[in-house]
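Listed below, chain by chain, are the residues.
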Amino acid sequence: QVQLVESGGGLVQAGGSLRLSCSASGSIFSINAMGWYRQAPGKQRELVATITNGGSTNYVDPVKGRFTISRDNAKNTVYLQMNSLKPEDTSVYYCNAHVVDRSMFAYMYWGQGTQVTVSS
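Counting restarts for each chain, with residues numbered from 1 along the sequence as it is written. Per-residue local features of the predicted model are confined to residues with pLDDT of at least 70, and side-chain atom pairs are confined, for both listing and counting, to 80 or more; whole-chain, interface and lining totals are unaffected and use all residues. For side-chain calculations, the full set of non-hydrogen atoms in the structure is used, while hydrogens and water are omitted.

Engineer: I would appreciate a short explanation of the nonpolar core in the present structure.
Structural biologist: Among soluble globular proteins, nonpolar side chains are generally buried collectively. In terms of nonpolar packing, the biggest core is built from 29 residues, with W36, L80, M82 and Y93 touching the most fellow members. At the level of secondary structure, the elements contributing two or more residues to this core comprise β1 (2-7), β3 (18-26), β4 (28-39), β5 (46-51), β7 (67-72), β8 (77-82), β9 (91-101) and β11 (114-119). Those residues in contact with L80 that sit more than four places away from it in its chain are L18, R19, L20, W36, V48, A49, F67, T68, I69 and Y93. What we call a nonpolar core is a set of buried Ala, Val, Leu, Ile, Met, Phe, Trp, Tyr and Cys residues that are connected through their side-chain atoms within 4.5 Å. Think of it in three bands: residues with accessible area under 20% of the maximum for their type are buried, residues over 50% are exposed, and the middle band is partly exposed, with areas taken using a 1.4 Å probe on protein chains only. Starting at the N terminus, helices and strands are each numbered in turn, a helix being any DSSP run of H or I of at least four residues and a strand any DSSP run of E of at least two. Note on definitions: a residue-residue contact is assigned when non-hydrogen atoms from the two residues lie within 4.5 Å.

Shown next as structure tokens:
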């Protein structure tokens, strides 16, 4: 079994910054892509950013230039640095990891979510 634990959410004023972390633990052989998604009330979950195990990144247009995704492969951890936050960034943020476990079974895991609230 694999667990993803997120931290770093909170309340911040518009223009402020937050850094989210997500650590994977358990029966891990390797982790391929990792990513961050978000879901606002009444809306579908949407992609924010992804990063491969080689460090290639991808961002959706609304966060380009403001958010930075990174990872520490030795710690099985992915980060999301969020700068210049806007009220429309308010959501529950979820991390996601494509994990190959020690039985060589590949599966996609999700964190429990962390609330980010940006006040105007």
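Next comes the rest of the account.
Engineer: I'm lost on the sheet that holds β3 in this one. Help?
Structural biologist: By definition, the strands of a sheet pair up through backbone hydrogen bonds, in either a parallel or an antiparallel sense. With respect to topology, four strands assemble into an open sheet ordered β1-β3-β8-β7, the strand pairing being antiparallel. Of all strands in the sheet, those with a lone pairing partner are β1 and β7, marking the two edges. Between one strand axis and the next, the sheet turns through 15° on average, direction left out of account. Strands qualify as paired when DSSP identifies two bridges or more between them. Relative to β8, β3 is paired through six bridges, and the arrangement is antiparallel. Each residue of the ladder has a partner; that of R19, found in β8, is Q81. Angular values range over 0 to 180 degrees, each being the angle between N-to-C directions of two axes fitted as lines to C-alpha atoms, with helices fitted over their stretch in contact.

Engineer: Just to check I follow, could you spell out the packing of aromatic side chains for this structure?
Structural biologist: How two aromatic rings sit relative to each other is given by the distance of their centres and the angle of their planes. Between 30 and 60 degrees the pair is tilted, below 30 it is stacked and above 60 it is edge-to-face, where a pair is any two Phe, Tyr or Trp rings, Trp via its six-membered ring, whose centres lie within 6.5 Å. For the structure shown, the criterion picks out three aromatic pairs. Taken together, a centroid distance of 4.9 Å and an interplanar angle of 65° make the contact between Y37 and W110 edge-to-face. Of this pair, Y37 sits in strand β4 while W110 is found in strand β10 (residues 106-110), placing the two residues 73 residues apart along the sequence. Judged by relative accessible area, which is 32%, W110 ranks as partly exposed.

Engineer: In this structure, what is going on with the pairing of β5? I would like to understand it.
Structural biologist: Strand residues, when the strand is regular, have side chains that alternate between the two faces of the sheet. Examined bridge by bridge, β4 and β5 share five bridges and lie antiparallel to one another. The residue bridging R38 from the neighbouring strand is E46, located in β5. Adjacent in sequence and paired antiparallel, β4 and β5 are bridged by six residues, among which G42 carries a positive phi angle near 80°. Bridge count for β5 against strand β6 (residues 57-59) is three bridges, and the pairing is antiparallel. From the neighbouring strand, T50 faces β6, where its bridge partner is N58. Linking two consecutive strands that pair antiparallel, namely β5 and β6, is a turn of five residues; a positive phi of about 100° is found at G55 within it.

Engineer: Mind showing me how you'd approach the pattern of salt bridges here?
Structural biologist: Oppositely charged side chains can form a pair if their charged atoms are brought close together. Within this document, salt bridges are pairs made up of a side-chain nitrogen of Lys or Arg and a carboxyl oxygen of Asp or Glu, the two lying within 4 Å of each other. A complete count under the given rule lists four salt bridges for this structure. Between R38 and D89 there is a salt bridge, and its shortest N-O distance comes to 3.0 Å. Of this pair, R38 sits in strand β4 while D89 is found in the loop between β8 and β9, placing the two residues 51 residues apart along the sequence. On the basis of relative accessibility, which here comes to 6%, the residue R38 falls in the buried class.

Engineer: Explain the pairing of β7 here, please?
Structural biologist: Where burial is concerned, the two faces of β7 differ: the one with F67, I69 and R71 is buried and the one with T68, S70 and D72 is not. Strand direction decides the pairing type here: β7 and β8, joined by six bridges, are antiparallel. Paired with F67 across the two strands is M82, which belongs to β8. Hairpin remark: β7 followed by β8, antiparallel, with four residues in the connecting loop; positive phi at N76, about 50°.

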